[in-house]
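# Overview (structure and organization)
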Amino acid sequence: MSAELIDGKAIAASLRSRLAEAVSSLQAAHGRAPALAVVLVGDDPASQVYVRNKARQTEEVGMRSIEHRLDDDTPQDVLVNLVQTLNADPLIDGILVQLPLPDHLDEAAVIEQIDPSKDVDGLTEASAGRLVLDKPGLRPCTPTGCVILAREVLGDLTGKSCVIVGRSILVGKPAAFLFLEQNCTVTIAHSRTQGLPALCREADILVAAVGRPMMVKGDWIKPGACVIDVGINRIDAPERGEGKTRLVGDVDFDAGKDVAGAITPVPGGVGPMTIACLLRNTVLSACAREGWSVPEGV
Ligand code: GUN
């Protein structure tokens, strides 16, 4: 192993501790802490774990967490009404509808109901448009986490070549604009890009967000590059015993760690940054909505 391990867990913990201080100063100055509402529809086990973690970490930094759990067969209009009620509540600063929603629901239509000033996921058309148009606004959490990790390793990213493998609306596309905002030269690639290995080898910063276990091989990585692995894939691990599984990223970590200059582990890399950035967005949302100045360290 020659690469530096990018410790997302520690970097997220440090952000959360700065947020806890910020929340406490907002509470002292304005008499209330920011509040985040999370809506979970159905009983998808992975989503339940995410939502539980979000609620726990929200409270750990001193903010208010409001959870709404709805049945799997909740009709569209009931969910839309809930979002509108949360929009109208002046004491709620952030609204997150956990994805994916059950198949009978129109995900895009639900997201679009969220008041952009409370869109802590950065997924509404207004938030996406503001990002593309260089206007201030709430930015998607996972790609923001990727930028923070890359900056932690490389400092100023100006002039670096950044290849993003993946073009999802949750990660790949917003990541491209966020790295562009950092003055990187950005290329968006995907599973059907021709000559993908050679393209990846050009990258000073390689972001893998394609959702395919260990797709990025060691010889796709430029020696010394900063590799940010967004993938979380559960694969069979018979070597650990019958029926056992393990989590792997979109990068072949064992090969990549000998080539990269720095690399995120899975788990413990990008994952912890997502919730930390969500908490940060909730603080930013409260400050923007209330006209409070943003405390230092946020
Ligand atoms: N499901 C998986 N990741 C996310 C996310 O970042 N936001 C929401 N709302 N749902 C998710």
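The following refers to the structure shown. (Residues numbered from 1 in each chain as written. Predicted model: local features only at pLDDT ≥ 70, side-chain atom pairs only at ≥ 80, totals over all residues. Heavy atoms only, no water.)

## Things to note about the overall build of the chain
Going by this rule: In this text, helices come from DSSP runs of H or I with a minimum length of four residues, and strands from runs of E with a minimum of two, each type numbered from the N-terminal end. In this description the radius of gyration comes from C-alpha coordinates, and the expected globular size is given by 2.2 Å times residues to the power 0.38. We call two residues in contact when some of their heavy atoms are within 4.5 Å. Computed by Shrake-Rupley with a 1.4 Å probe, the accessible areas treat only the displayed protein chains as cover when residues are assessed. His is not counted here, nor are the chain ends, while Lys and Arg score as positive and Asp and Glu score as negative. Here the site of a charge means NZ on Lys, CZ on Arg, CG on Asp, or CD on Glu.
For the chain, the helix and strand inventory stands at 10 helices and 11 strands. For 298 residues, the compact-globule estimate of 2.2 N^0.38 gives 19 Å, and the chain sits close to it at 19 Å. Along the three orthogonal principal directions, the C-alpha set of the chain runs to about 50 × 45 × 35 Å. Pairs at least 24 apart in sequence give 67% of the contacts found in the chain among residues at least 6 apart. For the chain, the exposed area adds up to about 13700 Å²; of that, 50% sits on carbon and sulfur atoms. Once the 29 positive and 39 negative side-chain charges of the chain are each reduced to a mean point, those two points are 4 Å apart.

## What to know about unusual backbone geometry
Our working rule: Burial here depends on accessible area, computed with a 1.4 Å probe over protein chains only, as a share of the maximum for the residue type. Under 20% is buried, over 50% is exposed, and the range in between is partly exposed.
The step from Leu99 to Pro100 runs through a cis peptide bond, and the omega angle for that step is 0°. Here Pro100 shows up in the loop between β4 (94-97) and α4 (107-113). Cis geometry is found at the peptide bond from Val266 to Pro267, where omega equals -5°. Note on placement: Pro267 falls in the loop between β11 (262-263) and α10 (270-290). The phi torsion at Asn183 lies on the positive side, around 70°, for a residue other than glycine. One can find Asn183 in the loop between α7 (172-181) and β6 (185-189). For Asn183, a relative accessible area of 46% gives the class partly exposed.

## Topic: the side chain of Lys257
Formally: Counted as a polar contact is a pair of N or O atoms within 3.5 Å, where, for protein atoms, one must be capable of donating a hydrogen and the other of accepting one, and residues adjacent in sequence contribute only when both atoms are in side chains.
By the element assignment, Lys257 lies in the loop between α9 (253-256) and β11. A distance of 3.1 Å separates a polar atom in the side chain of Lys257 from the backbone oxygen of Asp254.

## Focus: the sheet that holds β4
Counted only if it meets this: Following DSSP output, two strands are said to pair if at least two bridges run between them. Only the stretch in contact is used when fitting a helix axis, every axis being a line fitted to C-alpha atoms; angles between N-to-C directions are given from 0 to 180 degrees.
Strand order across the open sheet formed by 3 strands is β3-β2-β4, with parallel pairing between neighbours. A single partner strand is all that each edge strand has here, and the edge strands are β3 (64-70) and β4. Between one strand axis and the next, the sheet turns by 15° as a mean value, whatever way the strands run. Note: strand β2 (residues 35-41) against β4, 4 bridges, orientation parallel. Note that in β4 the partner of Leu36 across the bridge is Gly94. Contacts from helix α2 (residues 45-60) reach β2, β3 and β4 within the one sheet, and its direction differs from that of β3 by about 160°.

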